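Now for the letters of each chain:
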Amino acid sequence: MAQDQPSLDFQSHVDEAYEILKRLSVKDLCHKSLVSGTWRNLIQDDDFKTLHHSWFRKNPLLLIIVTPQLVIQNYLSSDDEYQQVEDLCEDFEIVNENDTEFPLVLTSVNPTDGEVMYRLTIPINCDDFEVLSSGRGSLFCIRSSVNYSIFNPTTKQIHTLPQADPPNAIVSGFGYIESEKTYVIVKLLYSLCQIIMLSETGHMITPWKTIEDAVPFNASGNPGFIVGKACYWLDDQTLRLPMMMRILCLDLDSETFYIVDYPAPESYENKHDMHIGELKGKLFMTDTFPNMLKMDIWERENGKYSNWEMKYCIDLSLIDGFDDVFSELKLIGYISEGDQDEMLMFQNSEENEVFYYDVEAKTFKEGHQLEVGNSIDSMIFPYTEKFSSIRRPAERID
């Protein structure tokens, strides 16, 4: 029998092999595909790639980001040695482990056991930057005052996109459109809105384009989230305008803006802590009641005339030692244990801890300790590894 032909015995254990291999990183699987033609065919099979992606969607890795100010105070004074980063291309101007001038520290962690996959640094201009997660995607966007760069946590590569004209923005949005297998960046500058479409590797498909519909008001605040084919921003100006409680939405199909009402206007009036994001393909809003240790989670489908639905009402007193005065609980994603059990994933900003909420049992459990030094207020994002996010050989820059 030829060396690369699978044996009958091996074929009879493909399902068992899949169950083991689906838990490995893309990098490990690429190495294993070099063992033989049998392994290569198994790992490159479309059914296996779908299975692998589905597993990591339900069991995401975490990217922990420590901002430059926190790096200077904590990481640079510690005795920890950064793990040597492998196979980094100078053309991408990415990671320089010896550069201590305003580094952004990124740590990839497997939350199931707390294992640090890697830690690396990226020099940035700390005067004006933000990190945007793609939600259901595999890439991150790092925005400086005039540039947008794409970081791929699977390959540990970064590249800067062509500048828009004008290059600056007041607020931005970033995310993955699953139905089209594309990423999109949306930038708002007063009444001007521009978008750029990217491939699954984060490279430009279509250049920056100006949307004809004017932004209805000067939005400001946190980065926007892509949900389906729409981008949403929770406008911080509502903190100064009590009568204008609004979530701004850009419909990417029609390229028009509309306003989404709050699900509970009294929450805004009572100065509750509120956040929006994407969860399982829907827009969510968390509404945390001050001094009550209670969080309501609302969700809605895409669409101008969709209605909010109260999805969860969570008792935060179930978290031992949680203090809503000094810490903030943010919903950052979800995981699935088995076919039915779902758990919401939260970050405790005070302790940089991750908690999991069992939606059926209505109980919390604490995740593994995260290796983020002594820093506080780190950013923690779940992300999914995908084979399609890897540069194909024909595209590679040497």
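Since this is a predicted model, take the numbers as computed values, not measurements. (Residues numbered from 1 in each chain as written. Predicted model: local features only at pLDDT ≥ 70, side-chain atom pairs only at ≥ 80, totals over all residues. Heavy atoms only, no water.)

Some details on the overall build of the protein chain
Logical step 1: If you tally the helices and strands in the protein chain, you get 7 helices and 24 strands.
Logical step 2: Looking at the protein chain as a whole, 52% of its 398 residues are labelled buried.
Logical step 3: The contacts in the protein chain between residues at least 6 apart in sequence include a share of 52% that link residues at least 24 apart.
Logical step 4: As presented, the protein chain carries roughly 19,400 Å² of accessible surface, and 48% of it is formed by carbon and sulfur atoms. (Helix = DSSP H or I, 4+ residues; strand = E, 2+ residues; numbered from the N terminus. Buried < 20%, exposed > 50% of the residue type's maximum accessible area, 1.4 Å probe, protein only. Contact = heavy atoms within 4.5 Å. Areas by Shrake-Rupley, 256 points an atom, 1.4 Å probe, with all protein chains shown as cover.)

Remarks on the nonpolar core
Logical step 1: Among the nonpolar cores identified, the biggest contains 19 residues, and V186, L188, C193 and W233 are the most heavily contacted of them.
Logical step 2: Of all the secondary structure elements, the ones that give two or more residues to this core are β8 (171-177), β9 (182-189), β10 (192-198), β13 (230-234) and β14 (247-251).
Logical step 3: Contact partners of C193, with chain neighbours within four places excluded, come to V186, K187, L188, K209, T210, I211, V215, L250 and F257. (Core = buried A, V, L, I, M, F, W, Y, C linked by side-chain atoms within 4.5 Å.)

Quick look at the sheet that holds strand β5 (residues 140-143)
Logical step 1: With antiparallel pairing, the 4 strands of this open sheet are ordered in space as β4-β5-β6-β7. Here the strands that pair on one side only, and so sit at the sheet edges, are β4 (130-133) and β7 (157-160). Neighbour-to-neighbour, the strand axes of this sheet turn through a mean angle of 25°, independent of strand direction.
Logical step 2: When β5 meets strand β6 (residues 148-152), the two strands line up antiparallel, connected through 4 bridges. Paired with C141 across the strands is I150, a residue of β6. (Pairing = 2+ DSSP bridges. Axes fitted to C-alpha atoms, helices over the stretch in contact; angles between N-to-C directions.)

Topic: the sheet that holds strand β11 (residues 204-210)
Logical step 1: One open sheet accounts for 8 strands, arranged β11-β10-β9-β8-β12-β13-β14-β15; its pairing is mixed. Only two strands of the sheet have a single neighbouring strand rather than two, namely β11 and β15 (256-260). In this sheet, neighbouring strand axes are inclined to one another by 20° on average, regardless of whether the strands run parallel or antiparallel.
Logical step 2: Of the pairings in the sheet, the one linking β13 to β14 comprises 5 bridges and is antiparallel in character. Looking at β14, one finds that C231 is bridged to L250.

Quick look at helix α5 (residues 46-58)
Logical step 1: The end-to-end C-alpha distance of α5 is 19 Å, a good match for the 18 Å that 13 residues give at a rise of 1.5 Å each.
Logical step 2: Looking at α5, one finds that the buried residues are F48, H52, H53, F56 and R57.
Logical step 3: Measuring from the side-chain oxygen of the N-cap residue of α5 to the backbone nitrogen of D47 gives 2.9 Å; that N-cap residue is D45. (Expected span 1.5 Å × (residues − 1). Polar contact = N/O pair within 3.5 Å; in protein donor to acceptor, adjacent residues only side chain to side chain.)

Concerning the packing of helix α2 (residues 14-21) against helix α4 (residues 37-44)
Logical step 1: Running from N to C, α2 and α4 point in directions that differ by 70°, and their axes come no closer than 11 Å. Taken together, α2 and α4 sit at an angle that is classed as roughly perpendicular. On α4, the residues that touch V14, A17, Y18 and L21 of α2 are W39, L42 and I43. (Parallel < 35°, antiparallel > 145°, perpendicular 65-115°, else oblique.)

Overview of the environment of S25
Logical step 1: Inspection of the secondary structure puts S25 in the loop between α2 and α3 (26-32).
Logical step 2: In this structure S25 comes out as buried when scored by relative accessible area, which is 11%.
Logical step 3: Ignoring anything within four residues of it in the chain, the contact list for S25 reads H52, F56 and E385.

Quick notes on unusual backbone geometry
Logical step 1: Geometrically, the link from D165 to P166 is a cis peptide bond, its omega value of 0° lying close to zero.
Logical step 2: Tracing the chain through its elements places P166 in the loop between β7 and β8.
Logical step 3: Positive phi, normally seen in glycine, also occurs at K156, with a value near 60°.
Logical step 4: Mapped onto the elements of the fold, K156 is located in the loop between β6 and β7.
Logical step 5: You can call K156 buried: its relative accessible area is 8%.

Re the packing of aromatic side chains
The geometry of an aromatic ring pair is captured by the separation of the ring centres together with the interplanar angle, meaning the angle of the planes.
Logical step 1: All chains considered together, the criterion is met by 8 aromatic pairs.
Logical step 2: With a centroid separation of 5.8 Å and an interplanar angle of 15°, the aromatic rings of F174 and Y183 are classed as stacked. Comparing F174 with Y183 shows no difference in burial state: the two are buried.
Logical step 3: In this structure an aromatic cluster arises from ring pairing among F140, F381 and Y383.
Logical step 4: The aromatic ring of Y334 is capped on one face by K280, whose charged end is 5.3 Å from the ring centroid.
Logical step 5: The lysine or arginine in question, R300, covers the ring of W308, its NZ or CZ lying 5.8 Å from the ring centre. (Phe/Tyr/Trp six-rings, centres within 6.5 Å; stacked < 30°, edge-to-face > 60°. Lys NZ or Arg CZ within 6 Å of the ring centre and 35° of its normal.)

Observations regarding the packing of α4 against α5
A packed helix pair is summarised by two numbers, namely the angle formed by the two axes and the spacing between the axes.
Logical step 1: Following both chains from N to C, one finds α4 and α5 inclined at 60°, their axes separated by 5 Å at the closest point. It follows from the interaxial angle that α4 and α5 lie oblique. In this structure, α4 contributes L42, I43 and Q44 to the contact, and α5 contributes D46, F48 and K49.
Logical step 2: Per-class residue counts for the contact of α4 with α5 are 3 nonpolar, 1 polar and 2 charged. (Nonpolar A, V, L, I, M, F, W, Y, C, P; charged D, E, K, R; others polar.)

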